[in-house]
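One letter stands for each residue in the lines below.
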Amino acid sequence: MVVKDSSLSIFNRTHDWKITIVGLGGTGSRLAEKIAELNYMLLNSNKPGIQLNLIDFDIVEEKNIGRQKFYPNQIDQFKTKAIAQNLSRNYLMKNIKTCELKIEDIKPSINKENIIISCVDNFDARIFIHLNYKNSYIIDLGNEKDFGQIFLSKYKELQNPIDFFGLKNFQKQSEESNFSCENYEDQFEEQSHFINEAMALYGIELLKDFLLNDTINYNCIFVNLKEKTTKKALKIWQ
């Protein structure tokens, strides 16, 4: 399937890709690092790089260490600032902007050239992104205890997870996980410790394939960490 759009110049660009990550929790914080790795490789291959926008209103807490891509000396920092610091130091990434607000509190003015990556873990934020940025390409990453899915979608072009699962099931899947306890043993029971790493890994693979090819063969990935299986599929609007 060809998803080339000359008006957006997503493919074969002569200027940087603009990518926004919304949510820097277990998946988003790891995916941001992988995007910085990709950016480093692109720039050293004489290709356009990536302008990265990070959106998250939360601060780093001790319970985030280990489960999310932060370090003990970053506790009490904004997650956006901590990630930007890591990417700048470790991968020399310069084109990073940060915003410490909820996505619902930001006027939807992101340029349509952007690729919006949703790594949020609650229904209101996810539905807001799909309703307000549907003319952009959206990559939605969602997971439960030990499985999840990644959708690359665009209005009237590539099907989104809301229509694939149905609104009721999408809302149920989007229910916020409760990691309020400080006991790490309890957290292991709540969610597979490495499901977020798996989601970020397959997410960056989809993003890389999307950016560097004129044609895509899949726009969604289903990951089951417990069964150690993955499945790719192409879901388009009929």
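Conventions and cut-offs
Residues numbered from 1 in each chain as written. Predicted model: local features only at pLDDT ≥ 70, side-chain atom pairs only at ≥ 80, totals over all residues. Heavy atoms only, no water. Salt bridge = Lys/Arg side-chain N within 4 Å of Asp/Glu carboxyl O. Helix = DSSP H or I, 4+ residues; strand = E, 2+ residues; numbered from the N terminus. Buried < 20%, exposed > 50% of the residue type's maximum accessible area, 1.4 Å probe, protein only. Phe/Tyr/Trp six-rings, centres within 6.5 Å; stacked < 30°, edge-to-face > 60°. Lys NZ or Arg CZ within 6 Å of the ring centre and 35° of its normal. Expected span 1.5 Å × (residues − 1). Contact = heavy atoms within 4.5 Å. Polar contact = N/O pair within 3.5 Å; in protein donor to acceptor, adjacent residues only side chain to side chain. Pairing = 2+ DSSP bridges. Right-handed = clockwise from strand over helix to strand, strands pointing away. Core = buried A, V, L, I, M, F, W, Y, C linked by side-chain atoms within 4.5 Å. pLDDT = per-residue confidence, 0-100.

**Examining the pattern of salt bridges**
The full count for this structure, using the stated rule, is seven salt bridges. Two residues, Lys-69 and Glu-33, come together in a salt bridge whose shortest N-O distance is 3.8 Å. Linking Lys-69 in the loop between β2 (50-55) and α2 (79-91) with Glu-33 in helix α1 (residues 26-43), this pair joins segments that are 36 residues apart in sequence. Taking the relative accessible area as the measure of exposure, Glu-33 reaches 13% and is therefore buried.

**Re the packing of aromatic side chains**
Considering all chains together, one arrives at seven aromatic pairs under this definition. On the numbers, 5.0 Å between centres and 90 degrees between planes, the contact of Phe-164 with Phe-165 is edge-to-face. For Phe-164, a relative accessible area of 31% translates into the label partly exposed. In this structure Phe-165 comes out as partly exposed when scored by relative accessible area, which is 25%. An aromatic cluster of three or more residues is present, and its members are Phe-151, Phe-164, Phe-165 and Phe-222. When the ring centre of Tyr-137 is taken as reference, the NZ or CZ atom of Lys-154 above it lies at 4.7 Å.

**As for helix α7 (residues 195-212)**
Over its 18 residues, α7 runs 26 Å from end to end, which matches the ideal 26 Å to within 8%, given 1.5 Å per residue. Of the positions making up α7, those classed as buried are Ile-195, Asn-196, Ala-198, Met-199, Ala-200, Gly-203, Ile-204, Leu-206, Leu-207, Asp-209, Phe-210 and Leu-211. For α7, the secondary structure elements touched by its buried residues are β1 (17-22), α1, β4 (115-118), β5 (137-143), β6 (147-153) and β7 (220-224).

**Some details on the side chain of Ser-29**
Note that Ser-29 resides in helix α1. Residue class for Ser-29 comes out buried when judged on its relative accessible area of 1%. Separated by 2.5 Å, the side chain of Ser-29 and the backbone oxygen of Gly-25 make a polar contact. A distance of 3.0 Å separates a polar atom in the side chain of Ser-29 from the backbone nitrogen of Lys-69. Residues within four places of Ser-29 in sequence aside, it is in contact with Leu-24, Gln-68, Lys-69, Phe-70 and Ile-83.

**Quick look at the pairing of β1**
In summary, the side chains of a regular strand alternate between the two faces of the sheet. In terms of burial, β1 is a largely internal element, five of the six residues being buried. In terms of strand pairing, β1 meets β2 through six bridges, oriented parallel. Across the sheet, the residue bridging to Lys-18 is Gln-51, located in β2. In this region the chain leaves β1, passes through α1 and returns to the parallel neighbour β2; the handedness of that crossover is right-handed. Two elements, β1 and β4, share four bridges in a ladder whose sense is parallel. Each residue of the ladder has a partner; that of Thr-20, found in β4, is Ile-116.

**So, the nonpolar core**
Formed by 45 residues in total, the largest nonpolar core has its most connected members in Ile-35 and Ile-117. The element best represented in this core is α7, accounting for nine residues. Dropping the residues within four chain positions of it, Ile-35 is found in contact with Ile-19, Ile-21, Ile-50, Leu-52, Ile-117, Ile-204 and Leu-207. Listed in part, the 12 residues of the second largest apolar core include Ile-55, Cys-99, Ile-106 and Tyr-133.

**Focus on the confidence of the model for the chain**
Looking at the chain as a whole, the pLDDT averages 87, with 85% of positions reaching at least 70. Segment residues 5-9 is flagged for pLDDT under 50; beyond a separation of four residues in sequence, or across chains, it makes nine contacts in the model. Low confidence marks residues 176-181, where pLDDT is under 50. Its contacts with residues over four positions away, or in another chain, come to 13 contacts.

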